[in-house]
Amino acid sequence: MAAKIANGVDRIQRKLAAILAADVAGYSRLMSTDETGTMRTLSAYRQLMDGLIAQYGGRVANTAGDSILAEFQSLFDAVECSVAIQLKLGEAAAGMTEDAALRFRIGIHLGDVLVRGSDLLGDGVNIAARLEGMAEPGGVCISGVVFDQIDGKMDLSFRSLGIQSLKNIARPV
């Protein structure tokens, strides 16, 4: 959304948000072997994920193919939601062969985002997406900013990956 400021220059709306970026690991491979089955499973998983995102106070901001971008007002809600998603999807995949199972990777970052309609853009979104790519299938990767905010306040264990340089991101996270 743009707004006029006193000097007549358009101002871009920004806000601070906890961003959850999720994507299916090996989606192209899965589609190449069983398009119909993969789409059916993805649809069922998306319903489950959308319900959990709403339950934890989040909002799906964008989807494309097998990816989901969601925003939360609370980091704690974003992290708890990501854990719930991975647990529920793990239960749903029980009994499926490794070749057929859809495993999501999730990245979470707290950052400033640009708002355009219902979509979110900007560095904060890009960092969450890069972190998603670093997560193990079925896992969650959080930024140092997220860790600093939740460390010792949630009953979760973390494994540090150290300071990371992310592709096309100016500063390490």
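Computed from a prediction, not measured in an experiment: that's the story for all the values here.

The rules we used
- Residues numbered from 1 in each chain as written.
- Predicted model: local features only at pLDDT ≥ 70, side-chain atom pairs only at ≥ 80, totals over all residues.
- Heavy atoms only, no water.
- Helix = DSSP H or I, 4+ residues; strand = E, 2+ residues; numbered from the N terminus.
- Buried < 20%, exposed > 50% of the residue type's maximum accessible area, 1.4 Å probe, protein only.
- Salt bridge = Lys/Arg side-chain N within 4 Å of Asp/Glu carboxyl O.
- Expected span 1.5 Å × (residues − 1).
- Contact = heavy atoms within 4.5 Å.
- Polar contact = N/O pair within 3.5 Å; in protein donor to acceptor, adjacent residues only side chain to side chain.
- Pairing = 2+ DSSP bridges.
- Core = buried A, V, L, I, M, F, W, Y, C linked by side-chain atoms within 4.5 Å.
- pLDDT = per-residue confidence, 0-100.
- Axes fitted to C-alpha atoms, helices over the stretch in contact; angles between N-to-C directions.
- Parallel < 35°, antiparallel > 145°, perpendicular 65-115°, else oblique.
- Left-handed = near helix turned anticlockwise from the far one by under 90°.
- Nonpolar A, V, L, I, M, F, W, Y, C, P; charged D, E, K, R; others polar.

Regarding the side chain of glutamine 86
1) Next: Tracing the backbone through its elements, the reader meets glutamine 86 in helix 3 (residues 75-93).
2) Next: Among the residues examined, glutamine 86 registers a relative accessible area of 12% and is labelled buried.

Some remarks on the pattern of salt bridges
Pairing is possible between side chains of opposite charge, provided their charged atoms come close.
1) Next: All chains considered together, the criterion is met by 4 salt bridges.
2) Next: Across the pair aspartate 112 and arginine 14 runs a salt bridge whose closest N-O atoms are separated by 2.8 Å. Placement of the pair is aspartate 112 in strand 6 (residues 103-116) and arginine 14 in strand 3 (residues 14-25), with a sequence separation of 98 residues.
3) Next: Residues joined in a network through salt bridges with shared partners are Lys15, Arg59 and Glu71.

Things to note about helix 3
1) Next: Helix length check: helix 3, at 19 residues, gives a terminal C-alpha distance of 27 Å against a target of 27 Å (1.5 Å per residue), a fit within 8%.
2) Next: Those residues of helix 3 lying buried are Leu75, Ala78, Val79, Cys81, Ser82, Ala84, Ile85, Gln86, Leu89 and Ala93.
3) Next: As for helix 3, its buried residues are in contact with strand 3, helix 2 (35-55), strand 5 (67-72), strand 6, strand 8 (140-142) and helix 5 (144-150).
4) Next: If you check the start of helix 3, you find a side-chain oxygen 3.2 Å away from the backbone N of phenylalanine 76, and it comes from serine 74.

A few points about the pairing of strand 5
1) Next: With 5 of 6 residues buried, strand 5 is to be regarded as a mostly interior element.
2) Next: Sheet topology note: the strand 3/strand 5 ladder contains 5 bridges and is antiparallel. Considered in strand 5, the bridge of alanine 22 is made with isoleucine 68.

Brief notes about the nonpolar core
Nonpolar side chains in soluble globular proteins tend to be buried together.
1) Next: By size, the foremost hydrophobic cluster in this structure holds 31 residues, and its most contacted members are Phe72, Ile85 and Phe104.
2) Next: Taken together, the elements giving at least two residues each to this core come down to strand 3, helix 1 (27-33), helix 2, strand 5, helix 3, strand 6 and helix 5.
3) Next: The biggest single contributor to this core is helix 3, with 8 residues.
4) Next: In this view, phenylalanine 72 contacts Ala17, Ala18, Leu20, Ile53, Tyr56, Gly57, Gly58, Asp77, Ala78 and Cys81; residues no more than four positions away in its chain are not counted.
5) Next: In terms of nonpolar packing, the next biggest core, distinct from the first, is built from 10 residues, Ala21, Val113, Val115 and Leu120 among them.

With respect to the side chain of serine 82
1) Next: Summarising the element assignment, serine 82 is placed in helix 3.
2) Next: For serine 82, a relative accessible area of 0% corresponds to the buried category.

Examining the confidence of the model for the protein chain
1) Next: Per-residue confidence for the protein chain averages 86 on the pLDDT scale, and 84% of its residues sit at or above 70.
2) Next: Per-residue pLDDT, averaged within each element of the protein chain, yields its smallest value for strand 1 (residues 2-4) (50) and its largest for strand 5 (96).

Describing the packing of helix 2 against helix 3
1) Next: Between helix 2 and helix 3, whose axes approach to 10 Å, the crossing angle comes to 155°. Judged by the inter-axis angle, helix 2 sits roughly antiparallel to helix 3. Crossing hand, helix 2 versus helix 3: right-handed. Together, Tyr45, Leu48, Met49, Leu52 and Ile53 of helix 2 and Cys81, Ala84, Ile85, Lys88, Leu89, Ala92 and Ala93 of helix 3 make up the contact between the two elements.
2) Next: For the contact of helix 2 with helix 3, a count of residues per class yields 11 nonpolar, no polar and 1 charged.

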